[in-house]
There are 2 protein chains.
Amino acid sequence: MRVIDEKTITQAAIEQMSTTENPRLKQIMAALVQHLHDFAREVDLTPEEWIYAIGFLTQVGQTCSAYRQEFVLLSDVLGFSSLVNALNDKRIKEGRGPKDQDTKSSLLGPFYREDSPKLQLGDSIAAHEHQPEIAYYGRVQNAAGEGIPNACLQVWQTNEDGKYDTQVYGGEDTDARATFYTDSEGRYYFRTVRPSSYSIPTDGPVGDLIHAQKRHGMRPAHTHFLISAPGYRELVTALYMATDQYIDTDTVFGVSASLATEPAGDATSPFPELPSVRYDFALVAARAGETSGRVGADPAQLVKRAAEVVR
Amino acid sequence: MRVIDEKTITQAAIEQMSTTENPRLKQIMAALVQHLHDFAREVDLTPEEWIYAIGFLTQVGQTCSAYRQEFVLLSDVLGFSSLVNALNDKRIKEGRGPKDQDTKSSLLGPFYREDSPKLQLGDSIAAHEHQPEIAYYGRVQNAAGEGIPNACLQVWQTNEDGKYDTQVYGGEDTDARATFYTDSEGRYYFRTVRPSSYSIPTDGPVGDLIHAQKRHGMRPAHTHFLISAPGYRELVTALYMATDQYIDTDTVFGVSASLATEPAGDATSPFPELPSVRYDFALVAARAGETSGRVGADPAQLVKRAAEVVR
């Protein structure tokens, strides 16, 4: 009979899972068991701590609703979501040419909506805001630096109080979000108000963790972009306010240096009177076998599917 | 500005958690982040797989109720609960004498109840069973091999159909569970029927995982023992039927070789006419500062606390 102790248990578990038919599930679960067990051995996890963790994870699951995904939030504050994004970025680059300088991705976040108002280039996305305006403009382009006409840009951000419209209006109205299409040269340009930094939801178990860790729980101000075009991979990213006080300590680790920008006077802006950010987004072509940019990782659909799991 | 990529994200997350005041929480979370990130990097986890995991964990949390702890079950089938038990056994032995040959622990499981009937030594715990009987007998003793009088043994097991009373009667009646106290020489002896192997609950997300892994989901037949006495550490263990077909493939990895026994003819049994198992349980003395055997890891209380987390 097999001797199960604190060392042999790991191989015993992996062997019992070795009958898994799906090779990827088999690989993932074996690696997960190895790393989780290594973790428990390293910290010499006690039964009290184990039961605390069981209770915590149960609370996280029970905090989830059709409007809130606390497990995504947990993944975010552990840097796990950002890591999965970074691994995906790396995978996309593999085997592509050096000119495929696609834009860095960033977290989709929980405030994306599919049904944002379709506006005309130059419009303001801030329907209810009366703060000083800023402008975004630039091009959506391919690896060769050519503009992509009629590319779809979905943009969304907080108002000047650090709230998304879904938090203010509960889905009844929209604000500070819109869908644009690039012009014949791949250009986009629109107005908005400066977004604000804001706290992640801290009234649940993840908030308890954040507080115990003495973290501020804040995200630096940013505007989200979800950009797609036929024949290209969908890009989910965000542009961050470079001078935000939380720019270096984003509690969900979404900031990349190349995504930090600051609105400034700009004579070449379509809105020379407004502080403007110029940013050119680079899409990578979908690979053979990928029928559209949405094939593979479609974060929007994925978040929707995660919400559907909630009963 | 910090560059966050698939390598640097880990240190960034650990640094942001470095303000944690509780040193143990700080240590545990840093190790967890390191090992979880190592896992994701090793398998190059994709966004699709990540969202699948988010959905799975959410379902596990939402399957928990006051009567069901699906996260404990998940921990069990990953070998994680057994590992935490083994680490606890090892910790208890550290710094104790070589004579502290305490009995191996095993999983408490979800079928423990505090209010089992108090029976007299020699009684049968199987109120509703009519299968051939077996007997358990032996001593509860200390590290010196001396019997511990008036030690409390709580025992529980399945009926011959592989069901616990809580599954049959929903808490309205009890069967195949009892509380005994050892006699003046530390002896215990009682009758029961042979327990049966059984499947863990497979109608939830953990069952889906087990099925995808082509595991049988069975536990070998066993009788649970929770043994306590003033001045000693509480012992949670179980005795397994050595000839059970699942003895080497327990789906929750609870079996230790030293806990596998087989009822057999035994002229020295208090019930020489019955197939009997003799087993002497060794308790370890509670350490200075521990006011009772219940101090420290009290698995029964812990499982109760985990159930209370459910809202």
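Conventions we followed
Every chain is numbered independently, its residues counted from 1 as its sequence is written. Chain letters and ligand numbers both follow the written order, the letters beginning at A and the numbers at 1. Selection of residues for local features in this predicted model requires a pLDDT of at least 70, selection of side-chain atom pairs for listing and counting requires 80 or more, and totals for whole chains, interfaces and linings are taken over all residues. Under the DSSP-based scheme used, a helix requires at least four consecutive residues in state H or I and a strand at least two consecutive residues in state E, with every element numbered from the N terminus. Residue burial is a threshold on neighbouring C-beta atoms within 10 Å of the residue's own C-beta, all placed from the backbone, with 20 or more meaning buried, 12 or fewer meaning exposed, and counts in between meaning partly exposed. Our contact criterion uses C-beta atoms placed from the backbone: two residues qualify when those atoms are within 7 Å. The pairing criterion for strands is at least two bridges between them, as found by DSSP. The copies are overlaid by a least-squares fit using only the C-alpha atoms of residues whose pLDDT is at least 70 in both copies. Residue ranges assigned to the domains are those given by an automatic or database domain assignment. Only Asp, Glu, Lys and Arg are considered charged, only Ala, Val, Leu, Ile, Met, Phe, Trp, Tyr, Cys and Pro nonpolar, and every remaining residue, Gly among them, polar. By our criterion, buried Ala, Val, Leu, Ile, Met, Phe, Trp, Tyr and Cys residues that link up through C-beta atoms within 7 Å make up a nonpolar core. Orientation is described by axes fitted as lines to C-alpha atoms, over the contacting stretch for helices, and by angles from 0 to 180 degrees between their N-to-C directions. Orientation is classified from the angle alone, with under 35 degrees giving roughly parallel, over 145 giving roughly antiparallel, 65 to 115 giving roughly perpendicular, and any other angle giving oblique. By definition, the arc is the one covered by directions from the helix axis to the C-beta atoms. Handedness of each helix crossing follows the sense of rotation of the near helix against the far helix: counterclockwise by less than a right angle gives left-handed, clockwise gives right-handed. Here, expected helix span is obtained from the residue count minus one, scaled by 1.5 Å. One confidence number per residue, pLDDT, is output by the predictor and ranges from 0 to 100.

Visitor: Teacher, can you tell me more about the overall build of chain A here?
Guide: Helices and strands together make up the secondary structure of chain A, namely eight helices and eleven strands. Counting the 311 residues in chain A, one finds 47% classified as buried. In chain A, the share of contacts with a sequence separation of at least 24, taken over all contacts with a separation of at least 6, comes to 71%.

Visitor: Could you clarify how one ought to interpret the sheet that holds strand E7 (residues 222–228) of chain A in this entry?
Guide: Two orientations exist for strands paired in a sheet by backbone hydrogen bonds: parallel and antiparallel. Pairing within the open sheet is mixed, and its five strands lie in the order E3-E2-E7-E8-E9 (chain A). Each of the sheet's edge strands pairs with one partner strand only, and the pair in question is strand E3 (177–181) and strand E9 (260–261) of chain A.

Visitor: Even after reading the chapter, I still don't get the relation of the copies chain B and chain A, so can you show me in this structure?
Guide: These two copies of the chain differ by a rotation about an axis and a displacement along the same axis. Under the fitted operation, chain B is carried onto chain A by 0.0 Å of movement along the axis and a turn of 180°, and the coordinates agree to an RMSD of 0.0 Å. These values place the two chain copies in the arrangement generated by a two-fold rotation axis. It is Gly 61 of chain B whose C-alpha, among those of chain B, lies nearest the rotation axis, at 2.0 Å. Mapped onto chain A, 100% of the interface residues of chain B again fall at the interface, so both copies present the same surface.

Visitor: What is the right way to look at the pairing of strand E4 (residues 187–193) of chain A in this model?
Guide: Each regular strand carries side chains that alternate between the two faces of the sheet. Residues and elements named next belong to chain A. The element E4 is extensively covered by neighbouring structure, given that five of its seven residues are classed as buried. Sheet topology note: the strand E1 (residues 133–141)/E4 ladder contains seven bridges and is antiparallel. When the bridges of E4 are listed, Glu 133 appears paired with Val 193.

Visitor: Hey, could you run me through the sheet that holds strand E7 (residues 222–228) of chain B in this one?
Guide: All names here are of chain B. Taken in spatial order, the five strands line up as E3-E2-E7-E8-E9 in an open sheet, and their pairing is mixed. Either end of the sheet is taken by a strand with one partner, and the two such strands are strand E3 (177–181) and strand E9 (260–261). By the bridge criterion, six bridges tie E7 to strand E8 (residues 235–241) in an arrangement that is antiparallel. If you follow Leu 226 over to E8, its bridge partner there is Val 236.

Visitor: Explain the interface of chain B and chain A here, please?
Guide: When the parts of a complex come together, some accessible area is lost, and that lost area is often taken as the interface size. Taken together, the 82 residues of chain B in the interface contact 83 residues of chain A. Where the side of chain B that touches chain A is concerned, the elements lending two or more residues are helix H1 (8–16), helix H2 (23–43), helix H3 (47–63), helix H4 (70–77), helix H5 (80–93) and helix H8 (299–308) of chain B.

Visitor: Sorry, what's going on with the domain arrangement of chain A here?
Guide: Residue and element names in this part refer to chain A. For chain A, the domain assignment lists domain 1 (8–63) and domain 2 (70–309). With centres defined by C-alpha atoms, the gap from domain 1 to domain 2 works out at 34 Å. Listed per partner, the contact involves five residues of domain 1 and six residues of domain 2. Partitioned by chemical class, the residues of the side of domain 1 that touches domain 2 number two nonpolar, three polar and no charged.

Visitor: For this particular structure, what's the right way to read the nonpolar core?
Guide: The tendency in soluble globular proteins is for nonpolar side chains to be buried side by side. Of all hydrophobic cores here, the largest spans 154 residues; its most connected members are Val 140, Ile 227 and Leu 283 of chain A together with Val 140, Ile 227 and Leu 283 of chain B. Per-element tally for this core: the top contributor is helix H2 (residues 23–43) of chain A, with eight residues. Residues lining this core come from more than one domain, with at least three contributed by each of domain 1 (8–63) and domain 2 (70–309) of chain A. Among residues more than four places away in sequence, those in contact with Val 140 of chain A are Gly 147, Ile 148, Ala 151, Leu 153, Thr 182, Gly 186, Tyr 188, Ile 227, Ala 229, Phe 281 and Leu 283 of chain A.

Visitor: Just checking my understanding: could you explain the packing of H3 of chain B against H4 of chain B for this structure?
Guide: The packing of two helices is summarised by the inter-axis angle and the distance between the axes. Residues and elements named next belong to chain B. The N-to-C vectors of H3 and H4 enclose an angle of 125°; their axes lie 7 Å apart at closest approach. The angle between the axes of H3 and H4 places the two elements in the oblique class. From H3, Val 60, Gly 61 and Thr 63 reach across to H4, where they touch Glu 70, Phe 71 and Leu 74. Looking at the contact of H3 with H4, its residues break down into three nonpolar, two polar and one charged.

Visitor: Mind showing me how you'd approach H1 of chain B here?
Guide: Since the α-helix advances by 3.6 residues per turn, residues separated by three or four positions end up pointing in the same direction. Listing the buried residues of H1 of chain B in full gives Ile 9, Thr 10, Ala 12, Ala 13 and Gln 16 of chain B. In a view along the axis of H1 of chain B, the buried residues occupy a sector of 165°, so they form one face of it.

Visitor: Is there a simple way to think about the packing of H2 of chain A against H2 of chain B in this case?
Guide: At a minimum axis distance of 9 Å, the contact between H2 of chain A and H2 of chain B shows a crossing angle of 160°. Between H2 of chain A and H2 of chain B, the interaxial angle falls into the category roughly antiparallel. The handedness of the crossing between H2 of chain A and H2 of chain B is right-handed. Facing H2 of chain A, whose interface residues are Gln 27, Ile 28, Ala 31, Leu 32, His 35, Leu 36, Asp 38, Phe 39, Glu 42 and Val 43 of chain A, H2 of chain B presents Gln 27, Ile 28, Ala 31, Leu 32, His 35, Leu 36, Asp 38, Phe 39, Glu 42 and Val 43 of chain B. Looking at side-chain class alone, the contact of H2 of chain A with H2 of chain B contains twelve nonpolar, four polar and four charged residues.

Visitor: Looking at this structure, how should I read unusual backbone geometry?
Guide: Negative phi is the rule for most residues except glycine; trans is the rule for most peptide bonds. Residue and element names in this part refer to chain A. In the Ramachandran plot, Asn 150 falls in the positive-phi region, its phi being about 60° despite a non-glycine side chain. For Asn 150, the location among the structural elements is in the loop between E1 and strand E2 (152–157). Unlike most non-glycine residues, Ala 176 shows phi in positive territory, near 55°. Structurally, Ala 176 is set in the loop between helix H6 (165–169) and E3.

Visitor: Can you walk me through helix H5 (residues 80–93) of chain A in this structure?
Guide: In this model H5 of chain A runs 20 Å from its N-terminal to its C-terminal C-alpha over 14 residues, within 8% of the 20 Å that 1.5 Å per residue would give. In this structure, the buried residues of H5 of chain A make contact with helix H4 (70–77) of chain A together with H1, H2 and H3 of chain B. Backbone geometry just after H5 of chain A places Gly 95 of chain A at a positive phi near 80°.

Visitor: What should I look at first to understand the environment of Met 17 of chain A in this one?
Guide: Considering the arrangement of structural elements, one finds Met 17 of chain A in the loop between helix H1 (8–16) and H2. When the C-alpha positions of Met 17 of chain A and Met 29 of chain A are compared, they lie 7.8 Å apart, and in sequence the two are twelve residues distant. Leaving out residues up to four positions away in the same chain, Met 17 of chain A has contacts with Lys 26, Met 29 and Ala 30 of chain A together with Gln 213 of chain B.

Visitor: Help me understand the environment of Val 193 of chain A in this model?
Guide: Within the secondary structure, Val 193 of chain A sits in strand E4. In this structure Val 193 of chain A comes out as buried when scored by C-beta crowding, with 20 C-beta atoms within 10 Å.

Visitor: Even after reading the chapter, I still don't get the confidence of the model for chain A, so can you show me in this structure?
Guide: The predicted coordinates should not be examined in detail at positions where pLDDT is low. Residue and element names in this part refer to chain A. Of all residues in chain A, 90% attain a pLDDT of 70 or more, and the chain-wide mean is 89. Contacts of residues 291–299 to residues separated by more than four positions or lying in other chains number 22 contacts, the stretch itself having pLDDT below 50. The ipTM, which scores confidence in the relative placement of chains, is 0.88 for this predicted complex, and the corresponding pTM is 0.88.

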